Amino acid sequence: METKLTKTNLYAFFGLPGSGSTTALFNYLCKRILDERSKVQNPQEQYEVVSLNRCTAGAYQKCERLCKIIDVPCIQPEETAAIVNYKFAAEKTYFIDLGGDTVSPIISDFFEKMSCTWFTTIPAYIDTAVLGDIMERFSIMQNPQVILSFCDFVSEEKRDAVIGWLTNHGYKLVGKMDSGRLPRGLQLL
């Protein structure tokens, strides 16, 4: 790899298939573009989305359409292994949609060597009894920032139970997201 990226250049989004990681990525990217609108003249020169989500049907097509709306390039390597040789530019910020594919050896080996900011989506309706197993599945991430998804589907008590479990186990909750609304669906904390 020609350029070692810093944490500000690479953002990886993942979660269980269907947990809203692709939606969270675009909510976050839209907020970032809107917040930086006065500084960023051409988002297509500043940002790029890399779709590696092979777990969710139609994930690349969703990324591609949303990228067209916000005028940001979207690429999908033909094979996941191609990410190893991808030419990352130091002046760009990359948003990588992993879906739930953090267990493949290619992905885990690649991201163990990368310095990035990790975001994971956890559905607010999840049973706290299985959260430990789920977070273990995503063990390659370092200091993940959690976005709680589907908050509009559950009671406040249920959300509080999931938030309590995450906090007690040292995970940082950075946002809450309602189901599928862009970009107002994400509330950063």
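In what follows, the structure referred to is the one given above.
**A closer look at the sheet that holds strand β4 (residues 93-99)**
With mixed pairing, the eight strands of this open sheet are ordered in space as β3-β2-β4-β1-β5-β6-β7-β8. The open sheet has two free edges, formed respectively by β3 (74-75) and β8 (186-188), since each of these has just one partner strand.

**Observations concerning the pattern of salt bridges**
A pair can form between side chains of opposite charge whenever their charged atoms are brought close. Scanning all chains against the criterion turns up one salt bridge. Lys92 is the salt-bridge partner of Glu48, the closest N and O atoms lying 3.0 Å from each other. In this pair, Glu48 is assigned in strand β2 (residues 47-51) and Lys92 in the loop between β3 and β4, connecting sequence segments 44 residues apart. We note that Glu48, like Lys92, is buried.

**Examining the nonpolar core**
Residues Leu10, Ile96, Leu98, Phe111, Trp118, Ile122 and Leu148 are the most contacted members of the largest nonpolar core, which totals 35 residues. For this core, the elements supplying multiple residues, two or more each, are β1 (10-15), β4, α4 (105-113), β5 (117-123), α5 (131-137), β6 (145-149) and α6 (156-168). The dominant element in this core, judged by the number of residues it contributes, is α6, at four residues. For Leu98, the contacting residues outside a window of four places in its chain are Ala12, Phe13, Phe14, Leu52, Asn53, Ile107, Phe111 and Trp118.

**Some thoughts on the packing of aromatic side chains**
All chains considered together, the criterion is met by 14 aromatic pairs. Between the aromatic rings of Tyr11 and Tyr28, the centroid separation amounts to 5.8 Å while the plane-to-plane angle is 50°, which identifies the pairing as tilted. Of the two residues, Tyr11 sits in strand β1 while Tyr28 sits in helix α1 (residues 21-35), which places them 17 residues apart along the sequence. According to the relative accessible area criterion, Tyr28 is buried, its value standing at 16%. Between Tyr11 and Phe95 the ring centres are 5.2 Å apart and the planes differ by 10°, which places this aromatic pair in the stacked class. Of this pair, Tyr11 sits in strand β1 while Phe95 sits in strand β4, placing them 84 residues apart in sequence. Among the residues examined, Tyr11 registers a relative accessible area of 8% and is labelled buried. Through successive ring pairs, a cluster of aromatic residues spans Tyr11, Phe13, Tyr28, Tyr47, Phe95 and Phe119.

The rules behind the values
- Residues numbered from 1 in each chain as written.
- Predicted model: local features only at pLDDT ≥ 70, side-chain atom pairs only at ≥ 80, totals over all residues.
- Heavy atoms only, no water.
- Pairing = 2+ DSSP bridges.
- Helix = DSSP H or I, 4+ residues; strand = E, 2+ residues; numbered from the N terminus.
- Salt bridge = Lys/Arg side-chain N within 4 Å of Asp/Glu carboxyl O.
- Buried < 20%, exposed > 50% of the residue type's maximum accessible area, 1.4 Å probe, protein only.
- Core = buried A, V, L, I, M, F, W, Y, C linked by side-chain atoms within 4.5 Å.
- Contact = heavy atoms within 4.5 Å.
- Phe/Tyr/Trp six-rings, centres within 6.5 Å; stacked < 30°, edge-to-face > 60°.

In short, geometric facts, not functional conclusions.
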